[in-house]
Amino acid sequence: MRRNRYIDTAENLALWNEGRHLIQIAALQMNSGPQRPVFWGPSAAVLHGLPLYRLTPAHVHTAILGARHGRTRAGTMQHNVDVPAEDIVEIEGIRCTSLDRTLLDLACSTPATTALSAADAALGRESVRGHRQDSERAMLWHARMAARADRSRVRGIRRARWILEFADGRAQLPGESVSRFLLHQLGFREVLLQVPVTGAEGRNYWLDFGFPRSRTFGEFDGQGKYADEELRGDRTVEQVVLDEKRREDDVRGVTGWRFARWEDRHISSADTLGKRLAAFGVHPPG
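Residues numbered from 1 in each chain as written. Predicted model: local features only at pLDDT ≥ 70, side-chain atom pairs only at ≥ 80, totals over all residues. Heavy atoms only, no water.

Student: Residue-level account of the environment of R155, with values.
Tutor: With respect to the element layout, R155 can be found in the loop between α6 (135-151) and α7 (157-166). Taking the relative accessible area as the measure of exposure, R155 reaches 80% and is therefore exposed. Note: C-alpha distance between R155 and L140 (15 residues apart in sequence) is 25 Å. (Helix = DSSP H or I, 4+ residues; strand = E, 2+ residues; numbered from the N terminus. Buried < 20%, exposed > 50% of the residue type's maximum accessible area, 1.4 Å probe, protein only.)

This is the structure we're talking about:
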């Protein structure tokens, strides 16, 4: 990974993108000596435990405090950015930009879907308990981030303001964040999120999306639901599939609504998701 810093290749390849990048950060930190770097942007996001949706950083990103120009060397991209002392924090002894500053930097410098997924995750930590979002906590978060964005004059700040305003902590997976972003591009404006439904025997369910005009629930089926052992728990893939069928039958029975399901491959673009939804009779207004 760095001079005298190694990791088993198979173990490295088994990690998610965020995990591999975290190893790169640790290697740079171990080789930095007393001149400890301040990690910035995508690297700071990984340290804060945020997702990097479809972003595989080619470099470790750090901030050069007080330098005139940024530069790239030895797998490290050093950014000439102004980071005040109050926006530098330590996580397990590693310095990086604060969570709020990191979100703003991502919103200005990374693809919208990457930035929105991270913002949704951060807002969810602060305002969501279970499946319900505390509206007051969410409002305070939005006000705080809007004030921070208004003080910034960096490139990309206009788009960043929109992303931070559009953020919603109820998205439980990056795929849900991206789906919501694409739905907005398609013209959907009244999509329900995390819709509660009580089953015939009193069991509570939460559906990712609701389309009232079409009387249809929308569900994003990420591969992790079936392939990731941590998400499956003690259940086999077959048990997960069967549980999903029972859940869908119960919800359909008590509501009379249909289901539309999509996967990672359907959120590559707004057009692809739109065609998938149209197959289930779900169309944008107008």
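Text resumes after the structure shown.
Student: Talk me through helix α8 (residues 174-186); I want residue IDs and the actual numbers.
Tutor: Taking 1.5 Å of rise per residue, the 13 residues of α8 would be expected to cover 18 Å, and the 18 Å separating its terminal C-alpha atoms lies within 8% of that figure. The complete set of buried residues in α8 reads G175, E176, S177, V178, S179, R180, F181, L182 and L183. Looking at the residues trailing α8, positive phi occurs at G187, about 105°. (Expected span 1.5 Å × (residues − 1).)

Student: Mind laying out the sheet that holds strand β12 (residues 258-262), listing which residues take part and the relevant values?
Tutor: Strand pairing in a sheet takes place through backbone hydrogen bonds and is either antiparallel or parallel in direction. Pairing is mixed across the open sheet formed by four strands, whose spatial order is β9-β10-β11-β12. Two strands close off the open sheet at either side, each with one partner strand: β9 (192-198) and β12. Recorded for the sheet is a direction-independent mean angle of 45° between the axes of neighbouring strands. Looking at chain direction, β9 and strand β10 (residues 204-211) are connected through six bridges and run antiparallel. Each bridged residue has a counterpart across the sheet, and for T198 the counterpart in β10 is N204. (Pairing = 2+ DSSP bridges. Axes fitted to C-alpha atoms, helices over the stretch in contact; angles between N-to-C directions.)

Student: Give a description of the state of the cysteines that names residues and reports values.
Tutor: Scanning all chains against the criterion turns up zero disulfides. The structure places no disulfide on C108, whose sulfur is separated from the nearest cysteine sulfur, that of C96, by 17 Å. A relative accessible area of 17% means that C108 is categorised as buried. (Disulfide = S-S within 2.5 Å.)

Geometric values such as these leave the question of function open.
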